Amino acid sequence: LVCADYNAIEARVLFWLAGDESGLATYRRGESPYIEMAQYIFGKPVSKTGNPREYSIGKGVVLGCGYGLGAAKFQATINAQAGMDVSLELAEKAVQSYRQKYSSVKNLWYSVEAAALNAVKTPGSVQACCGGKAAWAMSRDRRFLVCQLPSGRFLWYWKPSIKMGPTPWGEKREQLHYAGENPKTHQWEALKTYGGALVENITQAVARDFMVNGMQKCEAGGFPIIASIHDELLAEIPE
């Protein structure tokens, strides 16, 4: 069995879609974005072995906060997954540090959501986002909200609608809904979505397109794929 994976593919694709050159430069230099993030949060030099707690928080922020994760959810997630005891105050500092350092990612959540909302409001229009790498529009029969990916492939959202709803900070604003299966009740209903979730959809779909290209190259190179696990490919060869 031979396996290979794409290192930090989601974070790289997210920075690329957001046009965040500082985030991409870290990868290009072969440096660790987890260490860089930890140093930004704590304001001191950090190493993986010398500062495992700070490193884990930096890693958790980079991997978890790209789609709008809030402080309370980040606190619960990192405490459960890493067996840590991160306070809500530190979680808030970590989340805000990510949004400050990678402000282009934060801006991407709002611009993608605005483009999707405008596409629903103005059928027939094409609303570009992600620096022109993707675009939203309504389908010709007006039944679907469609997002075209850089590869030309489409994401489809059935029965899109816009409703006024409350935000976590007490305001009322337009919110995008589409018909889908409730993951808890397994009933079809109008599901609410937001900028961070839409960015997650686009990012993971683009990463999938890269991975399929890799699968095709592996197959052509004599490595027949027998399984894939998230960002990892598994091939079986005679020796």
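Use the structure listed above.
None of these values were measured; they are calculated from a predicted model.

### Overview of the pattern of salt bridges
1) Next: Under the definition given, this model contains 10 salt bridges.
2) Next: With a shortest N-O distance of 3.1 Å, glutamate 21 and arginine 28 are connected by a salt bridge.
3) Next: For glutamate 21, a relative accessible area of 48% puts it in the partly exposed group.
4) Next: Taking the shortest distance from any N to any O, the salt bridge between glutamate 36 and lysine 101 comes out at 3.3 Å.

### Remarks on helix α8 (residues 195-220)
1) Next: With 26 residues, α8 ought to run about 38 Å at 1.5 Å a step, and its terminal C-alpha atoms sit 38 Å apart, in line with that.
2) Next: Trailing α8 by a residue or two, glycine 222 shows a phi angle of about 95 degrees, which is positive.

### What to know about the packing of helix α3 (residues 33-42) against helix α4 (residues 52-64)
1) Next: Taken N-terminus to C-terminus, the directions of α3 and α4 make an angle of 110 degrees; their axes are 7 Å apart at the nearest point. Taken together, α3 and α4 sit at an angle that is classed as roughly perpendicular. On the side of α3, the interface is formed by Pro33, Tyr34, Ile35, Met37, Ala38, Ile41 and Phe42, while α4 contributes Glu54, Tyr55, Ile57, Gly58, Lys59, Val61, Val62 and Leu63.
2) Next: Of the residues belonging to the contact of α3 with α4, the class tally is 12 nonpolar, 1 polar and 2 charged.

### Concerning the side chain of glutamate 54
1) Next: Along the chain, the position of glutamate 54 falls in helix α4.
2) Next: Here the side chain of glutamate 54 touches lysine 44 through a polar contact of 3.2 Å, side chain to side chain.
3) Next: Leaving out residues up to four positions away in the same chain, glutamate 54 has contacts with Ala38, Phe42, Lys44 and Val46.

### Things to note about the side chain of aspartate 209
1) Next: Mapped onto the elements, aspartate 209 comes out in helix α8.
2) Next: Discounting residues that sit within four places of it in the chain, aspartate 209 has contacts with Leu149, Ser151 and Arg153.

### Side note on the sheet that holds strand β6 (residues 161-166)
1) Next: One open sheet accounts for 3 strands, arranged β6-β7-β8; its pairing is antiparallel. Of all strands in the sheet, those with a lone pairing partner are β6 and β8 (188-193), marking the two edges. On average, adjacent strands in this sheet sit at an angle of 45 degrees to one another, irrespective of strand direction.
2) Next: For β6 and strand β7 (residues 172-181), the ladder comprises 6 bridges, and the chain directions are antiparallel. The residue of β7 that forms the bridge with glycine 165 is arginine 173.
3) Next: Strands β6 and β7 of the sheet are contacted by helix α7 (residues 103-121), whose axis makes an angle of about 75 degrees with β7.

### As for the layout of surface pockets
Space left empty within the atom packing is revealed by a probe, the size of a water molecule, rolled over the atoms.
1) Next: In this model, the largest pocket occupies a volume close to 650 Å³.
2) Next: Mapped by element, the contributors of at least two residues to the lining of the largest pocket are α7, β7, β8 and α8.
3) Next: Along the lines of polarity and charge, the residues of the lining of the largest pocket split into 8 nonpolar, 8 polar and 5 charged.
4) Next: Taken as a whole, the second largest pocket holds about 520 Å³ of empty space.

Thresholds applied
Residues numbered from 1 in each chain as written. Predicted model: local features only at pLDDT ≥ 70, side-chain atom pairs only at ≥ 80, totals over all residues. Heavy atoms only, no water. Salt bridge = Lys/Arg side-chain N within 4 Å of Asp/Glu carboxyl O. Buried < 20%, exposed > 50% of the residue type's maximum accessible area, 1.4 Å probe, protein only. Helix = DSSP H or I, 4+ residues; strand = E, 2+ residues; numbered from the N terminus. Expected span 1.5 Å × (residues − 1). Axes fitted to C-alpha atoms, helices over the stretch in contact; angles between N-to-C directions. Parallel < 35°, antiparallel > 145°, perpendicular 65-115°, else oblique. Contact = heavy atoms within 4.5 Å. Nonpolar A, V, L, I, M, F, W, Y, C, P; charged D, E, K, R; others polar. Polar contact = N/O pair within 3.5 Å; in protein donor to acceptor, adjacent residues only side chain to side chain. Pairing = 2+ DSSP bridges. 1 Å grid on protein atoms, 1.4 Å probe; cavity = no way out; pocket = protein on both sides within 12 Å on 5 of 7 lines; lining within 4 Å. Points joined across faces, edges and corners; volume = space filled by probe spheres on them.

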